[in-house]
Protein chains: 4
Amino acid sequence: MNQGIGHLINGELLHDSVTTQPIYNPATGKECGQLPMASRAVVEQALSAAKQAYPSWAATPPSARAQVMYRFKELLVQHQDKICQLITLEHGKVLSDAKGELARGIENVEYACGIPELLKGEHSRQVGTNIDAWSEFQPLGVVVGITPFNFPAMVPLWMWPSAVMCGNSFILKPSERDPSSVLYIVELAHQAGLPKGVLNVVHGGVDVVNQLIDAAEVQAVSFVGSTPIAEAIYQRSAQQGKRCQALGGAKNHAVVMPDADLDMVTNALMGAAFGSCGQRCMAISVAVTVGDHVADALIRQLTPKIEALQVGPGTDESNEMGPIITADQKQKVIDYIDEACTQGASLRVDGRTKTVPDYESGYFLGGTLFDNVTPEMTIYQQEVFGPVLVVVRVNTLEQAIELINQHEYGNGTCIFTRDGEAGRFFSNHVMVGMVGINVPLPVPVSYHSFGGWKRSLFGDLHAYGPDSVRFYTRRKAITQRWPSRGVKDGTQFSFPSYSEE
Amino acid sequence: MNQGIGHLINGELLHDSVTTQPIYNPATGKECGQLPMASRAVVEQALSAAKQAYPSWAATPPSARAQVMYRFKELLVQHQDKICQLITLEHGKVLSDAKGELARGIENVEYACGIPELLKGEHSRQVGTNIDAWSEFQPLGVVVGITPFNFPAMVPLWMWPSAVMCGNSFILKPSERDPSSVLYIVELAHQAGLPKGVLNVVHGGVDVVNQLIDAAEVQAVSFVGSTPIAEAIYQRSAQQGKRCQALGGAKNHAVVMPDADLDMVTNALMGAAFGSCGQRCMAISVAVTVGDHVADALIRQLTPKIEALQVGPGTDESNEMGPIITADQKQKVIDYIDEACTQGASLRVDGRTKTVPDYESGYFLGGTLFDNVTPEMTIYQQEVFGPVLVVVRVNTLEQAIELINQHEYGNGTCIFTRDGEAGRFFSNHVMVGMVGINVPLPVPVSYHSFGGWKRSLFGDLHAYGPDSVRFYTRRKAITQRWPSRGVKDGTQFSFPSYSEE
Amino acid sequence: MNQGIGHLINGELLHDSVTTQPIYNPATGKECGQLPMASRAVVEQALSAAKQAYPSWAATPPSARAQVMYRFKELLVQHQDKICQLITLEHGKVLSDAKGELARGIENVEYACGIPELLKGEHSRQVGTNIDAWSEFQPLGVVVGITPFNFPAMVPLWMWPSAVMCGNSFILKPSERDPSSVLYIVELAHQAGLPKGVLNVVHGGVDVVNQLIDAAEVQAVSFVGSTPIAEAIYQRSAQQGKRCQALGGAKNHAVVMPDADLDMVTNALMGAAFGSCGQRCMAISVAVTVGDHVADALIRQLTPKIEALQVGPGTDESNEMGPIITADQKQKVIDYIDEACTQGASLRVDGRTKTVPDYESGYFLGGTLFDNVTPEMTIYQQEVFGPVLVVVRVNTLEQAIELINQHEYGNGTCIFTRDGEAGRFFSNHVMVGMVGINVPLPVPVSYHSFGGWKRSLFGDLHAYGPDSVRFYTRRKAITQRWPSRGVKDGTQFSFPSYSEE
Amino acid sequence: MNQGIGHLINGELLHDSVTTQPIYNPATGKECGQLPMASRAVVEQALSAAKQAYPSWAATPPSARAQVMYRFKELLVQHQDKICQLITLEHGKVLSDAKGELARGIENVEYACGIPELLKGEHSRQVGTNIDAWSEFQPLGVVVGITPFNFPAMVPLWMWPSAVMCGNSFILKPSERDPSSVLYIVELAHQAGLPKGVLNVVHGGVDVVNQLIDAAEVQAVSFVGSTPIAEAIYQRSAQQGKRCQALGGAKNHAVVMPDADLDMVTNALMGAAFGSCGQRCMAISVAVTVGDHVADALIRQLTPKIEALQVGPGTDESNEMGPIITADQKQKVIDYIDEACTQGASLRVDGRTKTVPDYESGYFLGGTLFDNVTPEMTIYQQEVFGPVLVVVRVNTLEQAIELINQHEYGNGTCIFTRDGEAGRFFSNHVMVGMVGINVPLPVPVSYHSFGGWKRSLFGDLHAYGPDSVRFYTRRKAITQRWPSRGVKDGTQFSFPSYSEE
C-alpha cells in the first residue's frame, strides 16, 4: 500500500488529503494506494512554483540545462527495476513490457540531452546592405502536460524533458490510475539536479485539468488520451487563446498482402494486438487481409496462438498479458465483444471468460479474435482498448487503403509485404500519421516525432522529437542594422567622439 | 468603376450578384466598384473546386509545381504598375508604398520557388538493425486564408504561394474593402499555369468565413486581421478540430536610447508611424524615450516634420500619406485622439482637421503626435490604426522593456542605439515576436517567418517562411524493415524461391 | 563555321588568336570552329577581372544576387533551342538528349535561386551566460571550374551558379571540344544582369589549368573529367594548399535480379548504355545478371534492339545515337572491343563497322554487346566511354555487390528488382555514391548532391546541391558577449554615462 | 615514472619497446616516462585491428553506438582529477587550465551523444512521378587523427568521438610529448563499452604518420599542429587521393577600440596571452590598439600584471603559468625575444630570466610584453607559441582589419568594443575563421565547428561540430522507383501472380 503518493510542487512532496481516490492493483482488484486530488489552492501553488522557477531556468544556458538530462538518464537506467515494478503494480502490464515502455521513455531523455543542437536558430547575414537577421527559439513560460494511464512512465517523458530543456517550466497532471512510476521518475529528475519548481506534478480530474488550462500563467498544453477528451482540451485551450497539441484515439489497421510471410505476420500481430492487453494507442486492432486465402490462412495461424496466450499478473515473467486497467474498462470490452456477436461478426476466439487462478478478482480477459468484421460494426468503428483483434477482408490493396482512409482515426498503420511498390504505394497514400512497412508498431524513434492524422491528433505539431522543440518554443525574428559614423566610407573611422568625450 | 469584381472559382470569374456591397475610393469617397457577397452555394462551389483539384495537384512533383511560381514571379514583375494602381485605388496608400508592399509579396513568391528544398524530410538509416525511418511532409488538402485590407496584395502572398507549393489547394477570402489587386494577381497565377481549382477566391463577410471554417473539406485556416477576430477564428477553428494560425493586432513600441542618432530616429519614425496612415500591423505607434532630454529633443525634431507631411491622394507621387481606408475608421481615429486629450495626453501635432483641396470627400487625416502618454490611457492600450504617434517617457531601458512586456500585444518593436549590449539585452528580454535593432519596421525577410507573441498571434507556427511550410503540411513518420529470406546471414542469398518458381 | 569563339573576360568576348586549335563537328568530321588557347597573359586578365569583381559581388545581399538567377533561368528557357543546336553541333549527341542535358542544368540554376535559404547559418543564443554564438558561411573569393566535353552545358551549370550565388567570382575552363554552348550560356547570364568579372571563361589545355590552380587569387578548384586528371588536379590543388573537389571516371553496374521485369530492364539499359554513345559518367556499361536464365533472357531481348539502334547525326530527330566525340576516341573504343574479343568475351552485337550514309567521315559507331565478361578483362576494368555494354554473370546479389565493391570506381549503380529487401540491402551495402533502385541513371536531383565514391571522386564534398554550398563557402564562427555597465544586475541600468554627457 | 605507456591496439595495451624515447616533466626537466615508437609492424597491427572492427561497428545503429558515449561522458567526469594530473605532469600547464581543457573535450563527447540526430539524411518524396530520392551519410572506414602536445586530452576528443559515432574506426597518433592523459581516456572509452579495434592508439614520429596516411585502409586524415606540418600532411593525403583536414598555426590579434573597458581588456588579455604559456592555437599574441592613447593606457595596465604573474609548477594551484613544453621550445622563444629587441621592438616586460625556486631545471619563462611592434618584425610574423604579447599600434579599425587580413594566418581574433557597428563591421570583414566580440578566446562551442582561414587550415570542413560529421561521412544519394503491376490504375491489385505462382 503506497502511502506516499502526493503532489510534487517546488521539489517537495505535498500530501493534500482533503479529497482522495483509491488506486487499484488491476491484477488483484485490491486497492494499493490513495491518490490525493488537488484542490484549487494546490493547483495555484503548482502554478506559482512553476512561474517563479521559470525566469532563472529560462536564462540558464541550454548546455547547462542539458547536464541535468545526462545525470537523469543515468538515474533512470540505475533505477529501472523499481520504476518497472511501480508500472506493473498499478497498470498491470507484464514487466518486460514495462521495461520496453521505460526504454522508449529514456530515448526521449537522450534526445533532450541534445538541446544545444536542437535549439539552433537560423542566421542570415546581409539580408540587405549591412543588415543581418536571425530567428531564435525562446521558451514559452509555464506549460502543462496531461497524460494517460496506458504508458504512465513513457508519455510524460515524451513531453517534459523536451519542454524543460527548451527552457520552460512544467506542470504534469498524470493519470489517476497509475501515478507512482511517474512520481518516482520526477523525484529522480530532481536528484539529477533539476531546480525546484521547474517540474511539478499535481493529481486530479477534469477540474484540475480545466484550472490548469485556464490559468493565466499557462502558455501551452500537451495532451495524450482519448479523442473526445483530446478534442475538448484542444477547444478549451483555443478558447483561452493558447497553443495545444492533443493526441487522441486510434484504430490501427495492419494490411496483410498475399506475398507476406504469414509466420512473421502472425508473430507480429500477436504482440501488436495483445501486448499490454491492446491498451496502446499504437496497438493493431484490425487485420485487413488482401484476398480470402490470406484471411483464412492468417486466422488458422492466429487461433491457436491466441488460445495459448499466457494471461496473468504482470509480475510473473512467464505471462504475456496482464489485466485490463479497471473493472469498468473490462466490462466495456466485454460489451463490445457481445455487440459484435450480435452484429454478425464471427467470433473465432473468445476471451471473455478467461480467469486466472488465485487472481479471480483481477481484471483479466483472454485474447479475442473476430473474422468477417465490416465497417458498419461498432467493434470496427470504436477504439476498444482491449485484447481484441478483428479481421476485415478486402480484395485489393486499394480497397485496404480506402478502408483505412475512411476511418475517423489515423494514428498508426502497417503493411506486411515484400513488395517495394506495395510498401511505397501504401505509405504514400494512406492517411495515417505513422506508417510501418513490416513494422507492426511503427512508433517513431525519439529523434523523429509522434503523431496521428485526422481525429487522432488536434494541432499542427507532433509529440516529441523535432516537432516538440518547435511546439515548446516561440520564434523570435530579429533584424539588425548598426548606424554608421563613417566606417562605410572608409576614411575617418577612429571613434574620435568616444575618446574625446 | 470596376464592373469586373467576381469570385474566382475553378479558374473562372464568377459574378454572383444577388448580394453586393460597394467599394469606395478612399481618396474621393466615391464608389469605385461593387463587391459580390458569396452565397452559401457559391462557397460550396469553391470548396468543391478546391477539393477536386487537390489530388492531382498534391501528386504533382514539387519541382513541377515550382515552375508555376517562377513564371508567376515574372508576371508579377511585368504587371506591377497595374497591381499597384489597383492597390492605391481601393486602399488609398501612395503608389511608392504599394510598390513596397508588392515587392515584399514577390519575395514570398521567390521563397515558394524553393519548395523542393523546403519540403525535404528527415531520413534515418538503421534506427535499429536493418530498420530505416524517415519523416515526410505531406499536404493537408483544402486550406483557407482570410486576409485584411491593409496589405491587399502582400498578405495573400504570405499564404497561398506557400500553401499551394506544399501541394494544397486554397480558398482565399480577401478583404471586402480592396479586392481588386488580389483578384488580378490570382489571374496572373492562372496565366502562369496554376491548374484550375487549386486557388480560388470568394468574397464575403462573417458568414462566408464561418462557412469556410466549418466546411468538412477545410483542413487549416490562416488569418491576418484584428485581435478580436483573430481570437474568434482561432476558437472556431479549434471547435472544428482544425489547425489555425491567426495573426491579430499590434501596438509597436520604438525605444529611443540616449545614445541614438536622433536624425536617424526621426526619419525612421516618420515612415514607421505615418507610412500608410499607420494602418500597418508593424507600424510604430509608441515612441518610448529613455530620459526626458531624449523625449524633448525627439519631439522637437518630429513636430515640424509631422506638420509638413504631404497628405493627399496616393496617385500623386509627391504625397507621403494617403487617406484612411473608410469614413468610419477615420472617425474612430478622431475619437481616439479626442479621448486622449480628455485623458490628459499632451497633443503636440493635431491631424484631425486636415483637409485636402479637391479631395474634400476623401477620408484624410493629418499626422498626430502626443507627448506624456501613460499606460492607463486608451490611446496607449488600443491599436489605433491611424497616423498617430504617442511618446511615453521612461528613465531606463529596463522600464522600457517592462512597459512593452506588459502590453497585451507583442507583434513588433525596435530599439535605437549604438550600444551592443543595449541591443542584445533588449532583443533577448523583450516579449515581442519581431525585433528591430535600429530597424524601425522589422518585418522578417521572406526566408524567416512573421509572427507576434502574446495576443498578436494565436497558434504556434508563424506566417510565411519556414514555419508556413510546417503549418501547411502534415508530418508522416515511416518506419521500414524488409523481411529477409537469407540476406542477413550472408550465405545463401540467391532468391531461390523466385528463380525456382 | 563559328568565328566567334573567344574567352569571356570581364563581360567581354576576347579573341586571343596567337594559338588556336580546331573544333570538329563529329557527325561530319569537318572543322566547325577555331578555339583560341589562352596565353598566360589572358589567364592573368581573367584572374584579375575575377579578383576585382569579387568584393562588391560578395557584399551584395544574397537575395539581390538571386535576381540574376531568376532572369537567367528565363533566358535559358527562351533560348534552349539555340543552346541545344550548339551542343549537338560540337558534341554530336542527338537533340532530344541535348535538351535533357540542358533541362538538368536549368534545375541547378533553380536551386541557386534559393540561395538566401541555402546560406543560412546556425545561431545559438546563450551558449554561456549572456554569450551568443553563430556560424556564417562566407564566400571564398575567386574559384575555378574545369569541365568535360560530355555535358558541355550541364556540368558548368553544376558549378558556377552555386559558386556565384554564394558570393564568389568564377573562372571557367570548359572543354576544348565543345565550348560554344557554354559560351552562349555565359552570355545569357550577363544579359540577366550578372556583373562583369564575376564569371569568366578561358580556353586552353593543361597549361591554362595549371596556371589557374597555382594562381594566388584562386581559393578553390572544381573539376569533372577522367580519373587520372581528377587525381592530378586534386594533388596539385592540395600542393597549393587549396580545397578541391575532383570528379573522375566511372564503371557503372546495373544488377538485374531474377524478379525484375525484363521488358522494363531492356528499355532502361538501352538508354542508359547507349544514350549519348555511352559518353556519360553515369552511363551503365556493365549489366550484372543474377542467375544464368536472367542473363540469357536479357541478352535475347537486348540483341535485336541494339542491332536496330538508329545511329546518325544528332540533328536528325529520328536518330537515337549520334557520333563519338573524336576520331581518336572512336578508335580507342574499337581497340577496347578488339581486346575484349582477344581476351575471351563473347561478342553478341558488333558496332565497330557501323557506317552512316552521307556521313562517312563522321565518328560513328554502332552499339556493342558482350556476354561472359569477367573482372580480369580490360573491357571490364576500364571506362570505355563508348556504346559498349558488357554482361557479367553472377549467381547471387551478394556476389553482385562484391563485384561492384571491388571495382576501383564507385560513381553510380542501379538494381532492378521488385523486392523491397533486395533494394535496401543493395543500396545499403554497395560502395557507390549514387544508387538507383529501378532507376538506371540515378543522377540526383539538383537539391541533392552529385558524387561518386572510391576513385570516382577526390574530396569530401560532392558537386551541386547542398554540398556545393558548403564547398563554395567558408565557415566563420562568431562568439559574442557585450560588456555590461549594469544591465545584468537589474537595478541601475540607465546608461548614466551617456545621459550625463 | 610511468612505465605503462604503450600502444593501444584492439583494446589491448601493447609494449613495443624496440625503439623508445623519453618523456619529460617540463616543470622539473626530469624524465617521467618512456614512449615506445611504433615499428611498421605495430602500425600494421593497428590498421588491421581498425579494419576488422569496422564492418560490425558501422552496422551498429547510431543510437546503440551513442550509448557508449553516454557512459564515456560519465567516466570522464568521474576520473577528471586523474586525467588532469596526467596532463599537468607531462604538459606542464596548471591544473585549473587542464580542467578547462578537459571540460571542453567533454563537450565534444556530449555533442557526439547526439549522433542519431546529427546523421539524419535528407528525404525527398516525389522528385518525379512515383520517384523518391534521399541522401544518407555513411561512414568512411578507417580514419586517422594526429594531434598536438598543447591540448593532449582535448584535441583527440575533437576528432575520434565524432568519427567513431559516425561509424568509423579510428587510429590516433598523439603527441610524443604528453601521451598519458589521452591513453587513459582511451582506456575509459573501452570501459564504457567501445568495442575493441574501433579506437586504437599508436605512438611515433613522422614515419608512423606517413605509414598511416599511405595505408590503403585509411580513408581520411585529421590533423592539428603547426602550419608546415599541416601543409605537408594535407599534400601527402591528397597525393594518396584522400580527404584531409589539417589545422595549422595561428597569430591571433585582439583589437582594442577606444571605447573598450580597459580593465576588462587587461584581464582578458592576461589569460588569453599567457594562459598555458601562450601555447594555444587560440592564444592572443598580438594586441592591436586603435589610437596611441589606448596603447599607452593598455601597456600601463598590463605591465604590473605581467610582472606579477605567478609562474611555477602546474601542480601548485596558486600558480598561473607553468613551464614551456621543452627546453628546445623555451630556447626558441628566447631567440624570438632576442631578435625582436634587435629589430627595434620596445621590450616592456622581459620574461627571459625568470627562474622558479626549487625548479631550476624546469623550462620556465616569465611573461613578456613588447610595444611598437611592426608587421616587418619576425616576432610579428611567426607563431611564437610562448608567453609573449606584442602591441601593434594603428589609428583606425580599418587599419586593424587590414593588418589582420594581411597576416598569413587566420585562426582566431577578437575585438574589444561596446559599439554594435564596430563589432559587426569587424566580424563581417576580418578574414579569420573564429571571431570574438569581447570574447578573447573565441573557441566555438562544441555544436559549432572549429577552424581557421588562410594558412591556419587546409581543407574545406572544420573540426568538430557539424562539419566533422560531414567530414567523417560519405554522402550516398539514392533514387528509387518501384515498377508497377497495376496498382496505379486501381483495378486489379491483388498480387495474383505471387499467390498463383
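Residues numbered from 1 in each chain as written. Chains lettered and ligands numbered in written order. Predicted model: local features only at pLDDT ≥ 70, side-chain atom pairs only at ≥ 80, totals over all residues. Heavy atoms only, no water.

The name given to chain A in an unreviewed UniProt entry is methylmalonate-semialdehyde dehydrogenase (CoA acylating), with the source organism recorded as Vibrio olivae.

The next subject is the overall build of chain A. The number of helices and strands found in chain A is 17 helices and 22 strands. In summary, chain A has a C-alpha radius of gyration of 25 Å against a globular reference of 23 Å for 501 residues, a match within 12%. Across its three principal directions, the C-alpha atoms of chain A cover 95 × 60 × 40 Å. If you take every contact in chain A between residues at least 6 apart in sequence, the share linking residues at least 24 apart comes to 72%. Here chain A has roughly 15,300 Å² of accessible surface; of this, 49% comes from carbon and sulfur atoms. (Helix = DSSP H or I, 4+ residues; strand = E, 2+ residues; numbered from the N terminus. Rg over C-alpha atoms; globule rule 2.2 N^0.38 Å. Contact = heavy atoms within 4.5 Å. Areas by Shrake-Rupley, 256 points an atom, 1.4 Å probe, with all protein chains shown as cover.)

Let's shift gears to helix α8 (residues 206–214) of chain B. Because each turn of an α-helix spans 3.6 residues, side chains separated by three or four positions in sequence point in the same direction. Turning to α8 of chain B, its buried residues number three or more, namely Val 208, Val 209, Asn 210, Gln 211, Leu 212 and Ile 213 of chain B. If you follow the buried residues of α8 of chain B, they end up packed against α1 (40–59), β7 (142–146), β8 (169–173), β10 (218–224) and α9 (227–239) of chain B. (Buried < 20%, exposed > 50% of the residue type's maximum accessible area, 1.4 Å probe, protein only.)

Another aspect to go through is the relation of the copies chain A and chain B. In screw terms, the move from chain A to chain B is a rotation of 180° and a rise of 0.0 Å along the axis, fitting with an RMSD of 0.0 Å. Taken together, the turn and the small shift mark the pair as related by a two-fold rotation axis. By C-alpha distance to the rotation axis, the residue of chain A lying nearest is Ala 238 of chain A, at 3.1 Å. The share of interface residues of chain A whose copies in chain B are also at the interface is 100%, consistent with both copies meeting through the same surface. (Least-squares fit on C-alpha atoms with pLDDT ≥ 70 in both.)

Here we take up the confidence of the model for chain A. Chain-level statistics for chain A give a pLDDT mean of 95 and a share of 96% at 70 or above. Every residue in residues 486–501 of chain A is under pLDDT 50, and counting partners more than four places away or in other chains gives 34 contacts. (pLDDT = per-residue confidence, 0-100.)

The subject of this paragraph is the UniProt feature "domain: Aldehyde dehydrogenase" (unreviewed entry) in chain A. Annotation from UniProt places "domain: Aldehyde dehydrogenase" (unreviewed entry) at residues 19–478 of chain A. Between the C-alpha atoms that bound residues 19–478 of chain A there is a distance of 49 Å. The span itself is 42% helix and 22% strand. (UniProt positions renumbered as here; feature names shortened; annotations may be inferred.)

Moving on to the packing of helix α14 (residues 397–406) of chain B against helix α15 (residues 420–429) of chain B. Residue and element names in this part refer to chain B. Viewed as axis vectors pointing N to C, α14 and α15 meet at an angle of 25°, and their least axial separation amounts to 10 Å. Taken together, the axes of α14 and α15 lie roughly parallel to each other. Crossing handedness for the pair α14 and α15: right-handed. Contacts between α14 and α15 pair Leu 397, Glu 398, Ile 401, Ile 404 and Asn 405 from the former with Ala 422, Phe 425, Phe 426 and His 429 from the latter. (Axes fitted to C-alpha atoms, helices over the stretch in contact; angles between N-to-C directions. Parallel < 35°, antiparallel > 145°, perpendicular 65-115°, else oblique. Left-handed = near helix turned anticlockwise from the far one by under 90°.)

Turning next to the pattern of salt bridges. With the rule as written, the count across this model stands at 92 salt bridges over all chains. As a salt-bridge pair, Lys 120 of chain B and Glu 122 of chain D come within 3.2 Å of each other at their nearest N and O atoms. Taken together, the positions of Lys 120 of chain B in the loop between α5 (115–118) and β5 (121–128) and Glu 122 of chain D in strand β5 (residues 121–128) put the pair across two chains. Classification of Lys 120 of chain B by relative accessible area gives buried; the value is 12%. For Asp 371 of chain D, the salt bridge is made with Arg 393 of chain D, and the minimal N-O distance between the two is 2.8 Å. Taken together, the residues span a long stretch of sequence, with Asp 371 of chain D in strand β15 (residues 368–371) and Arg 393 of chain D in strand β16 (residues 388–394) at a distance of 22 residues. Using a relative accessible area of 25% as the deciding quantity, one classes Arg 393 of chain D as partly exposed. The network of salt bridges with common partners includes Glu 117 and Lys 120 of chain A, Glu 122, Arg 470 and Arg 475 of chain C together with Asp 467 of chain D. (Salt bridge = Lys/Arg side-chain N within 4 Å of Asp/Glu carboxyl O.)

All names here are of chain A. Domain assignment breaks chain A into domain 1 (7–248 + 456–477) and domain 2 (252–437). If you average the C-alpha positions of domain 1 and of domain 2, the two centres end up 31 Å apart. Contacts between domain 1 and domain 2 engage 21 residues on the former and 25 residues on the latter. Summing both sides of the interface, domain 1 and domain 2 together bury roughly 1,900 Å²; the carbon and sulfur share of this comes to 60%. Three residues stand out in domain 1 for area buried against domain 2, namely Ala 27, Val 94 and Ser 456, and they jointly supply 25% of the buried area on that side. A salt bridge links Arg 280 to Asp 97; the shortest N-O distance between them is 2.8 Å. At the boundary of domain 1 with domain 2, the tally comes to seven residue pairs in polar contact (both at pLDDT 80 or more). Those elements that provide at least two residues to the side of domain 1 that touches domain 2 are α3 (80–91) and α4 (95–113). Of the residues that constitute the side of domain 1 that touches domain 2, the class distribution is seven nonpolar, eight polar and six charged. (Domains from an automatic or database assignment. Buried area = accessible area lost by both parts, 1.4 Å probe. Polar contact = N/O pair within 3.5 Å; in protein donor to acceptor, adjacent residues only side chain to side chain. Nonpolar A, V, L, I, M, F, W, Y, C, P; charged D, E, K, R; others polar.)

Turning next to the packing of aromatic side chains. This model, assessed by the stated rule, comprises 34 aromatic pairs over all chains. With centroids separated by 5.9 Å and ring planes inclined at 45°, the aromatic side chains of Tyr 70 of chain A and Tyr 70 of chain D adopt a geometry described as tilted. Separated into two different chains, Tyr 70 of chain A in helix α2 (residues 62–78) and Tyr 70 of chain D in helix α2 (residues 62–78) make up a pair that spans both. Residue Tyr 70 of chain D is classed as buried on the basis of its relative accessible area, which comes to 6%. Seen in terms of ring centroids, Phe 450 of chain C and Tyr 464 of chain C are 6.0 Å apart; in terms of plane orientation they differ by 50°. Their pairing is tilted. Here the residue Phe 450 of chain C occupies a position in the loop between β19 (434–437) and β20 (453–454), and Tyr 464 of chain C occupies one in the loop between β21 (457–458) and α16 (465–471), the gap between them amounting to 14 residues. The structure contains a cluster of three or more aromatic residues connected by ring pairs, namely Trp 158, Phe 450 and Tyr 464 of chain A. If you follow Lys 82 of chain B out to its NZ or CZ, it ends over the ring of Tyr 184 of chain B, 5.8 Å from the centre. (Phe/Tyr/Trp six-rings, centres within 6.5 Å; stacked < 30°, edge-to-face > 60°. Lys NZ or Arg CZ within 6 Å of the ring centre and 35° of its normal.)

The next subject is the interface of chain C and chain A. Across the boundary between the two partners, chain C contributes 26 residues, which contact 26 residues of chain A. For the pairing of chain C and chain A, the buried interface totals around 2,100 Å² over both sides, and the portion due to carbon and sulfur atoms is 40%. The largest contributions to the chain C side of the interface with chain A come from His 123, Arg 125 and Arg 418 of chain C, which together make up 30% of the buried area. The tally of links between chain C and chain A comes to eight salt bridges.

Looking now at the interface of chain A and chain B. Taken together, the contacts link 65 residues of chain A with 65 residues of chain B. Together, the buried faces of chain A and chain B total about 5,700 Å²; carbon and sulfur atoms form 50% of this surface. When residues of chain A are sorted by the area they lose upon contact with chain B, Arg 418, Asp 460 and Arg 475 of chain A head the list and together hold 14% of the total. With a closest N to O distance of 2.9 Å, Arg 475 of chain B and Asp 467 of chain A form a salt bridge. Linking chain A with chain B are 36 residue pairs in polar contact (both at pLDDT 80 or more), by the criterion used here. Of the residues assigned to the side of chain A that touches chain B, the class counts are 30 nonpolar, 22 polar and 13 charged. Both strand β22 (residues 473–481) of chain A and strand β19 (residues 434–437) of chain B contribute to a ladder of four bridges, which runs parallel. Residue pairing across strands places Ala 477 of chain A opposite Met 434 of chain B, the latter belonging to β19 of chain B. (Pairing = 2+ DSSP bridges.)

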